[in-house]
Amino acid sequence: KKIKEINVPITVDADSLLLTTEDSRNLYLVKKSLNRVYLLDKTLGTIVKTIKIPSTEGIVDVSLSPDETLYVLTKEEAEELELLYQKRRAYLEKG
């Protein structure tokens, strides 16, 4: 349910994610195209912090835990996971 509306200094587009928890003071705005996560103060709408994600190929997905730990999956990591999955599957099929 909508609790409050604020104006933020960054535009939100179709490639953006908005994350928060009920008790968090922050709103996490993920800009996948820029490889950045902006922490915005929920009350003021100001940028508290900017986190640059070190990825040359971009962000696939981000999740936020209740204790506000960010989990970021980049395209490079997703490709590595896919290769590991394929190797594991091939190993099991030989077995």
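Each chain has its residues counted from 1, running along the sequence as written. Predicted model: local features are reported for residues with pLDDT of at least 70 only, side-chain atom pairs are reported and counted for 80 or more only, and whole-chain, interface and lining totals are derived from all residues. Values shown for side chains rest on all heavy atoms present in the structure; no hydrogens or waters enter the calculation.

What to know about the sheet that holds strand E4 (residues 47-52)
We call two strands paired when DSSP finds no fewer than two bridges between them. What counts as a helix is a DSSP run of H or I of at least four residues, what counts as a strand is a run of E of at least two, and both are numbered from the N terminus. Taken together, the 4 strands give an open sheet; going across it, the order is E1-E2-E3-E4, and neighbouring strands pair in antiparallel fashion. Each edge of the sheet is formed by a strand with only one pairing partner; in this case those strands are strand E1 (16-19) and E4. The average angle at which neighbouring strand axes cross in this sheet is 20°, direction not considered. Here strand E3 (residues 36-41) runs beside E4; their pairing, made up of 5 bridges, is antiparallel. Bridge pairing in E4 places Val 37 opposite Ile 51. Angles here are taken between N-to-C directions and fall from 0 to 180 degrees, while the axes themselves are lines fitted to C-alpha atoms, restricted in helices to the stretch in contact.

Comments concerning the pattern of salt bridges
In the sections that follow, a salt bridge refers to a side-chain nitrogen of Lys or Arg positioned within 4 Å of a carboxyl oxygen of Asp or Glu. Per the counting criterion, the structure on display carries 2 salt bridges. Of the charged contacts, one joins Asp 13 and Lys 31 as a salt bridge, the two residues approaching to 3.3 Å between their closest N and O atoms. Here Asp 13, found in the segment before E1, pairs with Lys 31, found in strand E2 (residues 26-31); they are 18 residues apart in sequence, far enough to count as distant. Each residue is assigned to one of three classes by its accessible area relative to the maximum for its type, calculated with a 1.4 Å probe on protein chains only: buried under 20%, partly exposed between the two thresholds, exposed over 50%. Using a relative accessible area of 5% as the deciding quantity, one classes Lys 31 as buried.

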